[in-house]
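Spelled out, the chains give:
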Amino acid sequence: MDQDVPSFALEVRGLTKSFEKPAVDGLDLSVRTGEFYTLLGPNGAGKTTTLRMITGLLKPDRGSIAVFGIDALADPVAAKQITAWLSEEPMIYDKLTPMEYLEFVAGLWSVDSRLAAARARELIGWLGLETHANDRCEALSRGMRQKVALAGALLHEPRLIILDEPFTGLDAGSARLVRSVLRERVHAGCSVIMTTHILDVAERMADRIGVMVAGRFLAEGNLDDLRRQAGAGDGDLEDTFLTLLETGAAKRAVVA
Amino acid sequence: MSRAGTILWFARHEGRLVWRDWLWLMSGRRRSVRRAALGVIAIALFLHGFAYLVLHRYGDLSRPPDQRMLAVVTAMLALYGSLMVSQAMERVTRAFYGRTDLDLILASPVAAWRLFAVRIGAIAVTIAAMSLALAAPFIDVLSWFGGVRWLAAYGVIAALAMVGLALAMILTVGLFRTIGPRRTRLCAQIVAAIIGASFAIGVQFAAILSYGTPSRVALLQSEALTKYVPDVGSILWWPARAMLGDLLALAAVLGVSAVMLTGTVYIFTPRFGQFALATGGVPQSVTRQRRRSCRFCKTSPTRALRRKEWTLLLRDPWLVSQTLMQLLYLLPPAFLLWRSFYNGSSSSALLVPILIIAAGQLAGSLAWLAISGEDAPDLIASAPVTTACAVRAKIEAVMGVIAVIFGPFVVALLFIAPISALIAGLGVAGAAASATSIQFWFRAQAKRSQLRRRHTSSLTATFAEALSSFSWAGAGALAPASTWLALIEGLFALAIVAGAWAISPARHRTRCSGGSQQHRAKRIEVFEAGYR
């Protein structure tokens, strides 16, 4: 690996955010360069809030965020330059075509126009959107819209890809395509951090998994680590995850 | 407790939703009855004060009605009625095309016509309530100066609401049958806007042609009109006579209106379910497909953002129609300008305030679209662009449109009256900048399709935007006569903008050091996060 590349793509320390009640509570999280990291947790665990703070969409109350060594709170523009954000709801414009959308995204990230055009054509082909490249996005299905948004996220060749429930509403073929694109990016040296409720995807794709409850980590590591922490034997991720939640809930009840 | 699926049950359900929505709006999104009541009292006091300022200089309001008085009252009713038909058409269209809960209800085993009957009734009540709320201060002041007979005007306004809704239903269903569900949504909204503007603009054109002034009152009180209108006893004057306290006329007007609305609902209600089902398969907007391939041009984030705003605006026929409808009101001043140029006379003093108000209103709408109506706020927020840069690009996009539309007017004015052109240019810039700033400070994420309802997202922003536009227009109107008075009016406009900033959510976002302010800032952040 290149010596100039920091070993951590993302380092989060003591991250805290409260709305009416604490959403993220002193979270420490590290994602290595070239690692696929998945955040799991029940609804309201603080996963999306964590990712939104990392992306710069929400301001933390306390804590620090470093993206490839760049302090994302002190220099958000530099951190955003190498980051991509893809949310559950595709962030696209109905009245633009996929190619026009990619042109707009290239403008926002100041990607050279020739390079952007070449990458856009490549991504459109890769994601199977050639026939719809010049149709307005309002005519596209949900899966296609999500693929357009993914193309936009990858256009500037980000080093850290942050995904919030990217597989929601995708059909089997589209989900497989998105998975293969993400895997390819990780092989190319990108780091990915993703939330999902589809445990099968997390089990197959993630190098490490963090299980969050009430804004904190309940457990973290690869599947074997999680099994050990849960004491769930050789069960799959679903069994391990549910056991972790049950034991975590029991512990919290005892503390309360 | 009413049985599920009955009209009464639907009415209770709708009533609860409307009440909560209204409470949320009136109490500044806090759902507090006390705050809502205080808000209503404050608005009522303001409107009564305004009505007093407008009406107190009119002399004898208690005199028996003559032709001129009846003509003015009838014209006011026609103006009010056209606005009601316009509002009702917009609401009827929304009742059929808004899919918020229709899919749930249409999928259930209850008769859908009952829900629509309730919704049509709710539209009638809403239109009447809104019209009465706006007219009440004027009616109260008129009855104070001119006697209790003016209180009959409440009945006439209610009758107008019934007729307006009946006409709106007939027009909407007519459009639905002739051009089909796909085109009706857009066409109905355009027709509604044209109806809303047609009477006001028509009378202005007639006044310009006859007297060289856009003043409607000058035309309505003229000798020429008195010659052509019917005698005082004519049936045409019954609504006006009812307004002036003739109880027999009032009973007749109310009776005819009630029969008209009941008949329309009775005829159309059984088909409402079919209409709603037909609209279910229609996309949200009618669009042309674009087959031209895209060329990636060298660009900067600011330029990309500006271009995106203009492209989105141009490509949405509904938004274009809504925006252009505001420009309909510029037709009379454009006509007056052309006439002045042709005749060599100068009517520039009348033009300047109209241009300024129109610029303020248009800038407010465009700024709302660019700032609050952003479809992908997360994309912009996650891009390596500073907030200042993104905001500047959006403001430039708004100001660019204003310059393109109002620039030709100012340039044309330059040939007739250079000083007026300078005043108009400054006024247009001031009003547009004020409206844009207010929209930015009171931004709240919403869908672009909610443009028509943008005024309901913040009453404070709506009032501040309108007041600042009127103040800039006042400054523009006073400038040729007195520089000092114009300056005072201009300072008043700036004070309104400063006041809006002082109470805006944006200010609380930027300074949140104290405990309570920190709490308020947090609440705003929670609110904004909820929109994302």
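Residues numbered from 1 in each chain as written. Chains lettered and ligands numbered in written order. Predicted model: local features only at pLDDT ≥ 70, side-chain atom pairs only at ≥ 80, totals over all residues.

A. Quick peek at the sheet that holds strand β9 (residues 208–213) of chain A. All names here are of chain A. Pairing is mixed in the open sheet, where six strands are placed in the order β6-β7-β8-β3-β9-β10. A strand with exactly one partner marks an edge of an open sheet, and here the two such strands are β6 (83–86) and β10 (216–221). Taking the axes of each pair of neighbouring strands and ignoring which way they run, one obtains an average angle of 15 degrees across the sheet. For β9 and β10, the ladder comprises five bridges, and the chain directions are antiparallel. Across the sheet, G210 pairs through a bridge with E220, a residue of β10. Seen against the sheet, helix α1 (residues 47–55) touches β3 (36–40), β6, β7 (160–164), β8 (191–195) and β9 and runs at an angle of roughly 145 degrees to β7. Relative to β10, helix α8 (residues 223–230) is tilted by about 125 degrees, and along the sheet it contacts β9 and β10. (Pairing = 2+ DSSP bridges. Helix = DSSP H or I, 4+ residues; strand = E, 2+ residues; numbered from the N terminus. Axes fitted to C-alpha atoms, helices over the stretch in contact; angles between N-to-C directions. Contact = placed C-beta atoms within 7 Å.)

B. Summary view of the sheet that holds strand β2 (residues 22–32) of chain A. All names here are of chain A. In space, the four strands of this open sheet follow the order β2-β1-β4-β5, with antiparallel pairing throughout. This sheet does not close on itself; its edge strands, each paired only once, are β2 and β5 (70–71). The sheet contact formed by strand β4 (residues 62–67) and β5 spans two bridges and is antiparallel. Paired with A66 across the two strands is D71, which belongs to β5. The strands that α1 touches are β1 (8–18), β2 and β4; relative to β1, the one it contacts most, it runs at about 120 degrees.

C. Spotlight on the interface of chain A and chain B. Contacts between chain A and chain B engage 35 residues on the former and 34 residues on the latter. Secondary-structure elements contributing two or more residues to the side of chain A that touches chain B are α2 (76–81), α3 (98–108) and α4 (113–126) of chain A. Looking at the side of chain A that touches chain B element by element, the count peaks at seven residues for α3 of chain A. Of the residues contributing to the side of chain A that touches chain B, the split by class is 17 nonpolar, nine polar and nine charged. (Nonpolar A, V, L, I, M, F, W, Y, C, P; charged D, E, K, R; others polar.)

D. Expanded view of the nonpolar core. Ranked by internal contacts, the top residues of the largest apolar core, which has 143 residues, are L155 of chain A together with L355, I356, A359, A363 and V428 of chain B. If you tally residues by element for this core, the top one is helix α15 (residues 348–372) of chain B, at 17 residues. Dropping the residues within four chain positions of it, A363 of chain B is found in contact with V398, I402, A431, A432, A435 and T436 of chain B. (Core = buried A, V, L, I, M, F, W, Y, C linked by C-beta atoms within 7 Å. Buried ≥ 20, exposed ≤ 12 C-beta atoms within 10 Å, placed from the backbone.)

E. Representation of helix α12 (residues 301–315) of chain B within the structure. In this model, α12 of chain B (15 residues) spans 21 Å end to end at C-alpha, consistent with the 21 Å of a helix rising 1.5 Å per residue. Along α12 of chain B, the positions that sit buried rather than exposed are P301, A304, L305, R306, K308, E309, L312 and R315 of chain B. (Expected span 1.5 Å × (residues − 1).)

F. Structural view of the environment of M91 of chain A. Of note, M91 of chain A is situated in the loop between β6 and α3. Judged by the 23 C-beta atoms lying within 10 Å of it, M91 of chain A falls in the buried class.

G. Examining helix α10 (residues 247–268) of chain B more closely. Residues and elements named next belong to chain B. With 22 residues, α10 ought to run about 32 Å at 1.5 Å a step, and its terminal C-alpha atoms sit 32 Å apart, in line with that. Listed in full, the buried residues belonging to α10 are A249, L250, V253, S257, L261, T264 and F268. Buried positions in α10, seen along its axis, are confined to an arc of 105 degrees and lie on one side of it. Facing away from the buried surface of α10 by more than 90 degrees, the exposed residues are L247, L248, A251, G255, V259, T262, G263, Y266 and I267. (Arc of directions from axis to C-beta.)

Any link to function would need more than the numbers given here.
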